Amino acid sequence: KAGVTQTPRYLIKTRGQQVTLSCSPISGHRSVSWYQQTPGQGLQFLFEYFSETQRNKGNFPGRFSGRQFSNSRSEMNVSTLELGDSALYLCASSLAGGTIYEQFFGPGTRLTVL
Amino acid sequence: AQSVTQLGSHVSVSEGALVLLRCNYSSSVPPYLFWYVQYPNQGLQLLLKYTSAATLVKGINGFEAEFKKSETSFHLTKPSAHMSDAAEYFCAVSDLGGGSNYKLTFGKGTLLTVNP
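What you are looking at is a predicted structure, and each value in this text was computed from that prediction instead of being measured.

A. Layout of the nonpolar core. All names here are of chain B. The biggest cluster of nonpolar side chains holds 26 residues, and the ones touching the most others in it are Trp35, Leu47, Leu48, Phe74, Leu76 and Tyr89. For this core, the secondary structure elements donating two or more residues are strand S2 (10–14), strand S3 (19–26), strand S4 (31–38), strand S5 (44–50), strand S7 (64–68), strand S8 (73–78), strand S9 (87–95) and strand S11 (110–115). Residues in contact with leucine 47, not counting those within four places in the same chain, are Trp35, Tyr36, Val37, Gly59, Ile60, Asn61, Phe63, Leu76 and Tyr89.

B. Fine view of unusual backbone geometry. Residue A:Pro8 is bonded to the preceding A:Thr7 through a cis peptide linkage, with omega at -15 degrees. Along the chain, the position of A:Pro8 falls in the loop between strand S1 (5–7) and strand S2 (10–13). The phi torsion at B:Asn41 lies on the positive side, around 60 degrees, for a residue other than glycine. For B:Asn41, the position within the fold is in the loop between S4 and S5. On the accessibility criterion, B:Asn41 (60% relative accessible area) is exposed. The phi torsion at B:Thr72 lies on the positive side, around 45 degrees, for a residue other than glycine. Note that B:Thr72 resides in the loop between S7 and S8.

C. Geometry of the state of the cysteines. Residues and elements named next belong to chain A. On inspection of all chains with the given rule, the structure shows two disulfides over all chains. For cysteine 23, the disulfide goes to cysteine 91, at an S-S distance of 1.7 Å. Linking cysteine 23 and cysteine 91, the disulfide has an S-S dihedral of approximately -50 degrees and is accordingly described as left-handed. Of this pair, cysteine 23 sits in strand S3 (residues 19–24) while cysteine 91 sits in strand S9 (residues 87–94), and the two are 68 residues apart along the sequence. Side by side, cysteine 23 and cysteine 91 carry an identical accessibility label, which is buried.

Procedures and definitions
- Residues numbered from 1 in each chain as written.
- Chains lettered and ligands numbered in written order.
- Predicted model: local features only at pLDDT ≥ 70, side-chain atom pairs only at ≥ 80, totals over all residues.
- Heavy atoms only, no water.
- Core = buried A, V, L, I, M, F, W, Y, C linked by side-chain atoms within 4.5 Å.
- Buried < 20%, exposed > 50% of the residue type's maximum accessible area, 1.4 Å probe, protein only.
- Helix = DSSP H or I, 4+ residues; strand = E, 2+ residues; numbered from the N terminus.
- Contact = heavy atoms within 4.5 Å.
- Disulfide = S-S within 2.5 Å.

Laid out in structure tokens, this is it:
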């Protein structure tokens, strides 16, 4: 069974640009969550989608947005990039809603903002 | 608001020695608790989870953790460290109710090094 895949794995952007990251969940999983990992702030929850609906959102500015498609694939978008957005962005999928279901993490997309 | 504190950002042990990684949580309701491991350039892998069943939870790779409500702790242990255990370990908490049921709140992580 294929795991969670994230594309691209590495990305370099400049301040002010926007970026779109993609996450393909494990087949059959309907919930996708996104996390930002930085050395200073650690792992922080961005948002969670289930059946194309955002059910929970973390404390991030509106520049961070996401969506989920009918095949459960998800994208997150960051507009007007800032240097502080440099991070590892992790996507996790689970069978259904609720953290009682194991969340399987992808390898992440490392975003560098210059 | 729920939070997780991992005591010690870096723990170093000798191969074969006991591994003890500490985690204390703060939650307004009985939580779910998790330990994840992250190897370099990889995502997170679930080691074990507590979901209000047995207080002693056994996970993969010989790790286990004990939920102690009175101490609000969920420390991770392994009797004998292997070189392959070198990685970063994260404790996480999730409340059971409401919208926060769908997110994990992580600790800052503990980097475990294993010396030969």
